[in-house]
Amino acid sequence: MKVLVPLKRVADPDNANKVKVTADGKKVETTGLEWKPNPFDEYAVETALRLTEDGTKPKTRAGEVVVVTFGPKECEITLRAMLATGADRAIRVEAEDDQLDGWLVARALKKLVEQEKPDLVLLGKQAVDGDTNQVGQILAELLGWPMATSAAMIKEDGEALLVGREVDGGVINLKVRLPAVVTVDLRIVAPASVYSKLTKADFKYNEGVRFAPLPAIMQAKKKPMAVLKLADLATDTALRIQYPRFEPPKGRAAGKKVKDVAELVDKLKNEAKVL
Amino acid sequence: MQLASVATPTRPTQQANERGGEPVKQPVDIFNPTEEHRHLRETARKFGESVLGPQASKRDLEESFDPGLFARFGSELGLFGLTVSADHGGVGLDSTAAVIVHEEFSRFDPATTLSYLAHEVLFVNNFYHSADAAQRDRYLDKVLSGEWIAGMAMTEPEAGTDVLGMRTTAQRKGDRYVMNGTKQFITNGPYGRVFLVYARTGPGRRDISSFVVESGFKGFSVGKKETKMGMRGSPTSCLVFEDMEVPEENRIGAEGGALVHMMRNLEIERLTLAAQSVGIALRCCEEMTRYATQQRKAFGKRLIEFGQIQQMVAESHAHTMAARALVYTVAQSISPGRRESLGAASAKLVATGVGERVARAAIQVFGGYGYLRDYPVERMLRDAILLSIGGGTNEAMQKNISGDLSDMYG
C-alpha cells in the first residue's frame, strides 16, 4: 500500500503561552516559537507506518509512506523527523504560513494526489493551531473518494479498510473502498488499533507513536526530499479564508464568593441565567 | 517548562528585528550542534518522559531493575554504540551525543541512566577503542544490540581513588590467565554478562592489564546486591574472581597496557556523569519553578513572590545554565583522539555540585511535600549524591585539576 500523509508543524502546544499576536493584530508572531509536528499528524504517520509493515518486523517496509508539508525551508526539520521515524520519502511545498488556508491546501493536495497516486491519504483529524478540521474533508470531496473521519481503528481488509469511529454511545464501523481519505483521532495509536494485512490479529503495538531510532535519525538525510512550488500544484492561490484580526484570549475573570446557598441560587438564576 | 529551551536562543534576533536593525547572526547552538543531535534529543526526551519516567519511582522504592526496559535502549532506540563507527555497527556520533542522552534520560530516571552509562560508556566505548578486530567480532554485536548487559570493574574494597593500589591479580599460566580478587561497587554487576576488568599482571605499580570477562567463566561469582541510598534502580554488587581462568585472547591490548585504556576513557566517563547531574538539575529547576509559580500559595501570594524562594529558584536556574554550558563546551573537545582532562574534571566537579544543591533547593521550595516520596525531588537528591562520588570523587577531581594547573604553571 502507498500512503500519502500531509502534515504541518504547529507552535509547541506545551508552550502555548508563548504564542503572541503582533501589535497591529494582523498575524500571529512566529519569531521565537518552538515548533512541533501537529500531534494528530504524528498519529497519522504512525498509522501509515503500521499499515505498511508487519508489526512483528517493523524494520522491513511493506509499502510506502510519503509525507508532505507546506511551508518554508525550516519545515524540513519536521519532515526529516518523520523520515527518521520510518517514512520513506518527503515532499515540501514551498509556501509561507500566511499564504495558506484549508481550501488552497486541499486543492494543491488534490493535484499532488493525482501525481503520486497513493492508495490512501491519511491525515490528522485537525491541526491544533487553527483547529479548522477541514482539509481532509475538502480533499475527499475534490477527489470524489470515499472518506472516513476521526478514525480510532483501521484494519486492512482486501481492497478496503474497516474504519472504527468513536462517537457518543459507541463505535461506528465503516467499510471504505480504496483509494480513500481517512483522518485519524487520538486513539488510533493505542496498542491494538491498526492492523495491516500482514500484522496478525493478536499482535499489540507499544502505546503511542514510535520513537525515531538513532540509526534511522542518521539515515534520514539520505532519504529523498523533493521541493515543489505551490504554483506547480495550484494555479489560483488566492485565499478564501481571510483573517481580519487576531486577539489573544481574554484572561479569566476573577470568581465571586457567595455567603450562602440562597445567594448562589439567586446569582445562578438572575446573573448567570443558567437556572 | 522553559529551561530546556536555552537550547534555542532566539531572543536576541527577535529584539534586533523589533528595533528595525539587521538580524543578529544565529549563535551556534552548542547543545544541538547538528539536526541529528536535535532529533536524538527529541527521541531521548520522549522515551524518558513516556517510558522511563512513569515507573522510575517504583523501581527506586522496590530497588528493582528492568532488563526488558534496558534492552529497548538497543533494540528499539539504537542508543548503544554512539561513539562506535558506523562501519562497525555503531552510530558514529560524538561526546555531545552521549551528553545529550545522559542529560535527557536523567531528567526522568537517573538510576536507569547510570546502568546505561555503565554499559555504553564504561564498557562499549572503552572496549571498542581498545580491542582488536577479533575481540570486536566476538563481543561487539552482543553489546550493541543490548542482548548482553555489560559493565566495568576497576574499584576494589580497598582501592578506589587510589586505583593503582588495586590487588586483583591475573597470573599467566600457558595460554591463559588465572585471576583472583574482588571488585567493589560494580554497576550492573548482578545482571552483566560481560565486564571489562582491570587486574595486576606484574610486580610494578603500573603493571595493570585489561581483560574481557564473561559472567559464565568458571570461578566468576557475583556478591550480594548492595542496598543503596540512591540510584536504587541501578543494580550494584561486588564481583569475586576465584582462580578464574581467562583465555589470553581476552586480554585487551598489550600486557601492562591498561593505564592507556583507563585514561583514554576517563574523560567521557566524567563528562557523561556530569551530564547526568545537569539532567537532575534541569528537572529539579522545572519542578520547583512550576510549584512556586503555579501551584503553591502562602499568605495569599504565590511562593515565587517571596524573596527567599526567589533566591533558591533564581540561583538554581543560573547555576544550572552555567553547569550545562560548561559540560557542552567541554564535550566539543573530547574524543578518543583528543583529551581534555582539565575540562572533564572541571565539568564533573561543577555539575555534580550544582546537581546536589539544586535538588536540595527543590526540596526546600516544596517544603514538607519535598520530603515525601510522592514527589520526584527527594529521589533526585539521593541520586545526585552518587555523582559526586562515583567515576572519580569530587576530591579526586580537585586533585586532578590542581595537578593539571600545577603542570601548566609550574
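Rules used throughout
Each chain carries its own residue numbering, running from 1 in the direction its sequence is written. For naming, the first written chain is A and the first written ligand is 1, with later ones following in the order written. Local features in this predicted model are restricted to residues of pLDDT 70 or higher, and side-chain atom pairs are both shown and tallied only at a pLDDT of 80 or more, whereas totals for entire chains, interfaces and linings draw on every residue. Only hydrogens and water are set aside when side-chain values are computed; all heavy atoms of the structure are taken into account. Only runs of H or I of at least four residues qualify as helices and only runs of E of at least two qualify as strands under DSSP, and these elements are numbered from the N terminus. Under the scheme applied here, a residue whose accessible area is under 20% of the maximum for its type counts as buried, over 50% as exposed, and between as partly exposed, the area being computed with a 1.4 Å probe on protein chains only. Residues are treated as being in contact if the distance between any of their heavy atoms lies within 4.5 Å. Residue exposure ignores everything except the shown protein chains as possible cover, and the areas themselves are Shrake-Rupley values with a 1.4 Å probe. For the charge count, each Lys or Arg is scored as positive and each Asp or Glu as negative, with His and the chain ends excluded. By convention, the charge on Lys lies at NZ, on Arg at CZ, on Asp at CG and on Glu at CD. Strand pairing is assigned whenever DSSP identifies at least 2 bridges connecting the two strands. Orienting the strands away from the viewer, one traces the path from the first strand over the helix to the second; a clockwise path indicates a right-handed crossover. Note on definitions: angles span 0 to 180 degrees between N-to-C directions of axes, and those axes are lines fitted to C-alpha atoms, for helices only across the stretch in contact. In this scheme, roughly parallel covers angles under 35 degrees and roughly antiparallel covers those over 145, while 65 to 115 is roughly perpendicular and the rest are oblique. A crossing counts as left-handed when the near helix is turned anticlockwise from the far one by less than a right angle, and as right-handed when that turn is clockwise. Throughout, the ten residues Ala, Val, Leu, Ile, Met, Phe, Trp, Tyr, Cys and Pro are labelled nonpolar, Asp, Glu, Lys and Arg are labelled charged, and all others, Gly among them, are labelled polar. Looking at any residue, its pLDDT shows the predictor's confidence there, from 0 to 100. For this analysis, a nonpolar core means a set of buried residues of the types Ala, Val, Leu, Ile, Met, Phe, Trp, Tyr and Cys, connected via side-chain atoms within 4.5 Å. Centre distance within 6.5 Å is the pairing criterion for rings of Phe, Tyr and Trp, where only the six-membered ring of Trp is used; planes under 30 degrees apart are then read as stacked, over 60 as edge-to-face, and the remainder as tilted. Charge-over-ring placement is defined geometrically: NZ (Lys) or CZ (Arg) within 6 Å of the ring centre, and within 35 degrees of the ring normal.

Structural notes on the overall build of chain A
Here comes step 1: Along its length, chain A carries seven helices and 14 strands.
Here comes step 2: Dimensions of chain A, computed from C-alpha atoms along their principal axes, come out at roughly 65 × 45 × 40 Å.
Here comes step 3: Taken over 275 residues, chain A has a buried fraction of 46%.
Here comes step 4: The contacts of chain A with a sequence gap of at least 6 include a subset with a gap of at least 24, amounting to 71%.
Here comes step 5: Only carbon and sulfur atoms are counted for the fraction: they give 54% of the accessible area of chain A, which is about 14600 Å².
Here comes step 6: Charged side chains in chain A number 44 positive and 40 negative. The centres of these two groups are separated by 1 Å.

Quick look at the environment of Leu174(A)
Residue and element names in this part refer to chain A.
Here comes step 1: Within the secondary structure layout, Leu-174 lies in strand S11 (residues 170-177).
Here comes step 2: Take Leu-174: its relative accessible area is 30%, and that puts it in the partly exposed class.
Here comes step 3: The sequence separation of Leu-174 and Leu-161 amounts to 13 residues, and the corresponding C-alpha distance is 8.1 Å.
Here comes step 4: In this structure, Leu-174 is in contact with Ala-148, Leu-161, Leu-162, Val-163 and Arg-165, ignoring residues within four places of it in sequence.

Digging into the pairing of strand S6 (residues 64-71) of chain A
All names here are of chain A.
Here comes step 1: Of all eight residues in S6, seven are buried, a share of seventy percent or more.
Here comes step 2: The pairing of strand S1 (residues 2-6) with S6 spans five bridges and is classified as parallel. Across the sheet, Lys-2 pairs through a bridge with Glu-64, a residue of S6.
Here comes step 3: Two elements, S6 and strand S7 (residues 89-94), share six bridges in a ladder whose sense is parallel. What sits directly across from Val-67, in S7, is Ala-90.
Here comes step 4: The parallel pair S6 and S7, bridged by helix H2 (residues 76-85), forms a crossover whose chirality is right-handed.

Re the packing of helix H2 (residues 35-62) of chain B against helix H4 (residues 95-106) of chain B
Residues and elements named next belong to chain B.
Here comes step 1: Contact geometry of H2 with H4 gives a least axis separation of 8 Å together with a crossing angle of 25 degrees. What the angle tells us is that H2 and H4 run roughly parallel. Read as a crossing pair, H2 and H4 show a hand that is right-handed. For the pair H2 and H4, the contacting residues are His-37, Leu-40, Arg-41, Ala-44, Arg-45, Phe-47, Gly-48 and Leu-52 in the first and Thr-96, Ala-97, Ile-100, Val-101, Glu-103, Glu-104 and Phe-105 in the second.
Here comes step 2: Tallied by class, residues from the contact of H2 with H4 come to eight nonpolar, three polar and four charged.

Some remarks on the confidence of the model for chain B
All names here are of chain B.
Here comes step 1: Summary statistics for chain B give a mean pLDDT of 92 and a share of 94% for residues scoring 70 or more.
Here comes step 2: The model gives residues 1-19 a pLDDT under 50, and that stretch makes 37 contacts with residues more than four places away or in other chains.
Here comes step 3: Note on the complex model: pTM 0.89, ipTM 0.84.

Notes on the nonpolar core
Here comes step 1: Ranked by internal contacts, the top residues of the largest apolar core, which has 137 residues, are Val67(A), Leu122(A) and Ile154(A).
Here comes step 2: In terms of residue count, helix H7 (residues 258-295) of chain B provides more of this core than any other element does, 17 residues in total.
Here comes step 3: The residues touching Val67(A), leaving out its near neighbours within four places in the chain, are Val5(A), Leu7(A), Val45(A), Leu79(A), Met82(A), Ala87(A), Arg89(A), Ala90(A) and Ile91(A).
Here comes step 4: Grouped together as the second largest cluster of nonpolar side chains are 27 residues, Ala95(A), Val105(A), Leu123(A) and Trp145(A) included.

A short note on the pairing of strand S9 (residues 147-157) of chain A
Residues and elements named next belong to chain A.
Here comes step 1: Relative to strand S12 (residues 180-184), S9 runs parallel, the two sharing three bridges. Note that in S12 the partner of Ala-151 across the bridge is Val-184.
Here comes step 2: Where S9 meets strand S10 (residues 160-167), six bridges bridge the pair, whose relative direction is antiparallel. Looking at S10, one finds that Ile-154 is bridged to Val-163.
Here comes step 3: Sheet topology note: the S9/strand S13 (residues 194-195) ladder contains two bridges and is parallel. Of the residues in S13, the one forming a bridge with Lys-155 is Tyr-195.

Some details on the packing of helix H8 (residues 307-331) of chain B against helix H9 (residues 341-366) of chain B
All names here are of chain B.
Here comes step 1: For the pair H8 and H9, the least separation of the axes is 9 Å and the interaxial angle reads 155 degrees. On the basis of their axis angle, the class for H8 and H9 is roughly antiparallel. You can see that H8 and H9 cross each other, and the crossing is left-handed. Counted together, Ile-309, Met-312, Ser-316, His-319, Thr-320, Ala-323, Leu-326, Val-327 and Val-330 of H8 and Gly-343, Ala-344, Ser-346, Ala-347, Val-350, Ala-351, Val-354, Arg-357, Val-358, Ala-361, Gln-364 and Val-365 of H9 form the full contact between these two elements.
Here comes step 2: Along the lines of polarity and charge, the residues of the contact of H8 with H9 split into 14 nonpolar, six polar and one charged.

Notes on the packing of aromatic side chains
Here comes step 1: Throughout the structure, instances matching the rule amount to 26 aromatic pairs over all chains.
Here comes step 2: On the numbers, 5.9 Å between centres and 70 degrees between planes, the contact of Tyr369(B) with Tyr375(B) is edge-to-face.
Here comes step 3: Assessed through its relative accessible area of 40%, Tyr369(B) is described here as partly exposed.
Here comes step 4: Overall, Tyr375(B) belongs to the partly exposed group, its relative accessible area being 29%.
Here comes step 5: Every member of this aromatic cluster is reached through a ring pair, and the members are Phe211(A), Phe47(B), Phe65(B), Phe70(B), Phe73(B), Phe80(B), Phe105(B), Tyr116(B) and Tyr191(B).
Here comes step 6: Here the basic side chain of Arg9(A) rests over the ring of Trp35(A), its NZ or CZ set 3.8 Å away from the ring centre.
Here comes step 7: The ring of Tyr128(B) carries Arg136(B) above its face, with NZ or CZ at 4.0 Å from the centroid.

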